[in-house]
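Take a look at the letters that make up each chain.
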Amino acid sequence: MPDRIVQAPWLQHLLEAIYFVQWQLLQCLHRLGLVGTHDGQPAWPWRWRLSGENLLIDLGQARALLIGLGVLGMLALLLLAAWRWRRLRWPVALAAPLVLWATPWPAAHVLLVPAQASSFHQPAVPWSDQAIQAGAQHYAQHCVQCHGVRGDGHGPLAAQQRVWPPNFAGPLLWQRSDGDLFAHVRQGMVGRQGQPTMPGFAQQLSVPQTWQLLHYLRALAAGQVLRATGEWAQAVALPDMQLRCSAHNKTSVRDWQGQPLRWVVGTGQEVLPDPRVVTIWLPADEHNALQQLPPAVDCLVTSQQAARQTLALLLGQQALSATPELGQVQLLADRHGWLRARNGAGGSAWSEDDLICRTQPTAAPEGASAALAQDGLGRLLRLMDATPVRFVKGGRLH
Ligand code: HEC
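Right, let's walk through the structure included here. This one's a predicted model, so the numbers in the text were calculated from it and none came from an experiment.

1. Describing the sheet that holds strand β7 (residues 236–237)
Within a beta sheet, neighbouring strands are joined by backbone hydrogen bonds and run either parallel or antiparallel to one another.
And then number 1: Spatially, 7 strands are ordered β7-β13-β12-β9-β10-β11-β8 in an open sheet, and the strand pairing comes out mixed. The sheet terminates laterally at β7 and β8 (243–245), the two strands that pair on one side only.
And then number 2: Of the strand pairs in this sheet, β7 and strand β13 (residues 338–343) are connected by 2 bridges, and their pairing is antiparallel. Its bridge partner being in β13, A237 is matched across the sheet by W338.
And then number 3: Together, β12 (329–333) and β13 form the strand contacts of helix α12 (residues 376–386), whose direction differs from that of β12 by roughly 35°.

Laid out in structure tokens, this is it:
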């Protein structure tokens, strides 16, 4: 399976460009009043769209597209030149069709995929512990019978379906755009012969509830992948949580963007103060939630119930709401908000082995000897900065 964390910079730029151009076109059409809205966002008016996700899998086709675009650019310049200088007209008129014919164009079925009105929709609710927990409730009510408690497609009704429900712990959820998944849950799906396979839930679920469900599915899948492989093959962002901080202008995880965060679960007393990270404390259970923050802690999670259940879900400890047994655990999020490392011992001794979301270095981490002189946490922070996450979901860089 291809890694959804892409390395090649040219491919990233190409994917970004493909998305950006279509997104801008849609916004323009919407502003001009040429397209309406669908479920609260501008509706994609065509039955097809350019696909970034297929190019991610098929590098050869991505290269062909790049060459094709280059050729079109050159031809545009030549046409411009021919318009300016008469002498060039005939040669250009002869050469243009030849060049177009000889160019290795990408296959249409790779580049173009069926689109929905909501293909370019963005989640309308934030990635937060509250949303994920709300999603868990809808899942238990509407989806678990087919998709199973672990999202592996082994619910009690699964065997009666025309096709087997998918295992969410595979790359599927990351291959699809948010908007396409949204459409599949609301409108349902049909098989090759047009027979219904997955029922639609537009009648039972509101638009925000559908987004909450998709957040839940991603969190569930991340936990199951971690459980099975010990790593997050797809990057996971630290969910937003409500906080009470010693800095009074910060009230949620989002307010700390740009800083590495340490998410400490446990009694909070054993962690040492560390100015290199913002320390967010989630008491292991409600009873030892102190009024006074321990000295090493910058913020206390106030949405504790939702945060605990979300954490247990992300770590693959449990699939549906129960009272999770978290024990002592620490997680590190890099300054872009991606969860990168886990320390199960709950102690201060971090090492590179704690990384559970790995990427290749984009540049060699400079000053290896200086890094050696640092402690485990220092080395991890440097490593996270030197190997940033380039995460692609639904053919789009996040
Ligand atoms: C009656 C059984 C059933 C129920 C209930 C059900 N699903 Fe499905 N679901 C399926 C089947 C079968 C598929 C595979 C469909 C296919 O590939 O054609 C599927 C596929 C999916 C997919 C993959 C979509 C894709 O793009 O490939 C998602 C996401 C999904 N379901 C979410 C949900 C959610 C969320 C709920 C609850 C609101 C739900 N399902 C309820 C049977 C069910």
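2. Overview of the state of the cysteines
And then number 1: Counted under the stated rule, the structure contains 1 disulfide.
And then number 2: Disulfide partner of C245: C299, at an S-S distance of 2.1 Å. Taking the sign of the torsion about the S-S bond as the criterion, the disulfide between C245 and C299, at about 105°, is right-handed. Of the two residues, C245 is situated in strand β8 and C299 in strand β11 (residues 299–301); the sequence distance between them amounts to 54 residues.

3. Remarks on the site of the ligand
And then number 1: In the region of the ligand, 22 residues are neighbours, and C143, C146, H147, R176 and M198 sit closest.
And then number 2: Within the side chain of H147, an N or O atom sits 2.7 Å from a nitrogen atom of the ligand.
And then number 3: A distance of 2.5 Å separates an oxygen atom of the ligand from a polar atom in the side chain of R176.
And then number 4: When residues of the shell around the ligand are traced back to their parent elements, those giving at least two are α6 (129–147), α8 (178–187), β6 (196–198) and α9 (207–229).

4. Observations concerning the side chain of S119
And then number 1: Within the fold, S119 resides in the loop between β4 (112–114) and α6.
And then number 2: Within the structure, the side chain of S119 is placed 2.6 Å from the side chain of D180, a separation counted as a polar contact.
And then number 3: Filtering out sequence-adjacent residues up to four positions away, S119 remains in contact with R49, S177, G179 and D180.

5. Thoughts on the packing of aromatic side chains
And then number 1: Evaluation of the coordinates by the stated rule reveals 6 aromatic pairs.
And then number 2: Summarising the aromatic geometry, the rings of Y19 and F120 are spaced 5.6 Å apart at their centres and angled 40° between planes, so their arrangement reads as tilted. Residue Y19 is located in helix α1 (residues 9–31), and its partner F120 is located in the loop between β4 and α6; the two are separated by 101 residues in the primary sequence.
And then number 3: Taking the relative accessible area as the measure of exposure, Y19 reaches 15% and is therefore buried.
And then number 4: One aromatic cluster in this structure is built from Y19, W23, W44, W46 and F120.
And then number 5: One Lys or Arg, R218, reaches over the ring of W174 and ends 5.8 Å from the middle of that ring.
And then number 6: The ring of W256 is capped by K250, whose NZ or CZ atom sits 5.0 Å from the centre of that ring.

6. Focus: the nonpolar core
Taken as a class, soluble globular proteins show a tendency for nonpolar side chains to be buried jointly.
And then number 1: Of all hydrophobic cores here, the largest spans 58 residues; its most connected members are Y139, W263, I280 and L311.
And then number 2: It is α9 that contributes the most residues to this core, 10 residues altogether.
And then number 3: Of the domains in this structure, domain 2 (129–227) and domain 3 (236–359) are the two that each give at least three residues to this core.
And then number 4: Not counting residues up to four positions away in its chain, the partners in contact with L311 are W263, V265, L282, L326, V329 and L331.
And then number 5: In this structure, L11, L15, I18 and L111 belong to the second largest nonpolar core, which totals 11 residues.

7. Focus on the pattern of salt bridges
And then number 1: Using the criterion set out here, one finds 11 salt bridges in the structure.
And then number 2: R186 is the partner of D39 in a salt bridge, and the nearest nitrogen-oxygen pair spans 3.2 Å. Note that D39 is positioned in the loop between β1 (37–38) and β2 (41–42) and R186 in helix α8, a separation of 147 residues in sequence.
And then number 3: Judged by its relative accessible area of 27%, D39 falls in the partly exposed class.
And then number 4: Residue classification places R186 among the buried positions, given a relative accessible area of 8%.
And then number 5: Put simply, R254 and D240 hold a salt bridge, and the shortest N to O gap is 3.1 Å.

Criteria and cut-off values
Residues numbered from 1 in each chain as written. Predicted model: local features only at pLDDT ≥ 70, side-chain atom pairs only at ≥ 80, totals over all residues. Heavy atoms only, no water. Pairing = 2+ DSSP bridges. Helix = DSSP H or I, 4+ residues; strand = E, 2+ residues; numbered from the N terminus. Contact = heavy atoms within 4.5 Å. Axes fitted to C-alpha atoms, helices over the stretch in contact; angles between N-to-C directions. Disulfide = S-S within 2.5 Å. Near = heavy atom within 4 Å. Polar contact = N/O pair within 3.5 Å; in protein donor to acceptor, adjacent residues only side chain to side chain. Phe/Tyr/Trp six-rings, centres within 6.5 Å; stacked < 30°, edge-to-face > 60°. Buried < 20%, exposed > 50% of the residue type's maximum accessible area, 1.4 Å probe, protein only. Lys NZ or Arg CZ within 6 Å of the ring centre and 35° of its normal. Core = buried A, V, L, I, M, F, W, Y, C linked by side-chain atoms within 4.5 Å. Domains from an automatic or database assignment. Salt bridge = Lys/Arg side-chain N within 4 Å of Asp/Glu carboxyl O.

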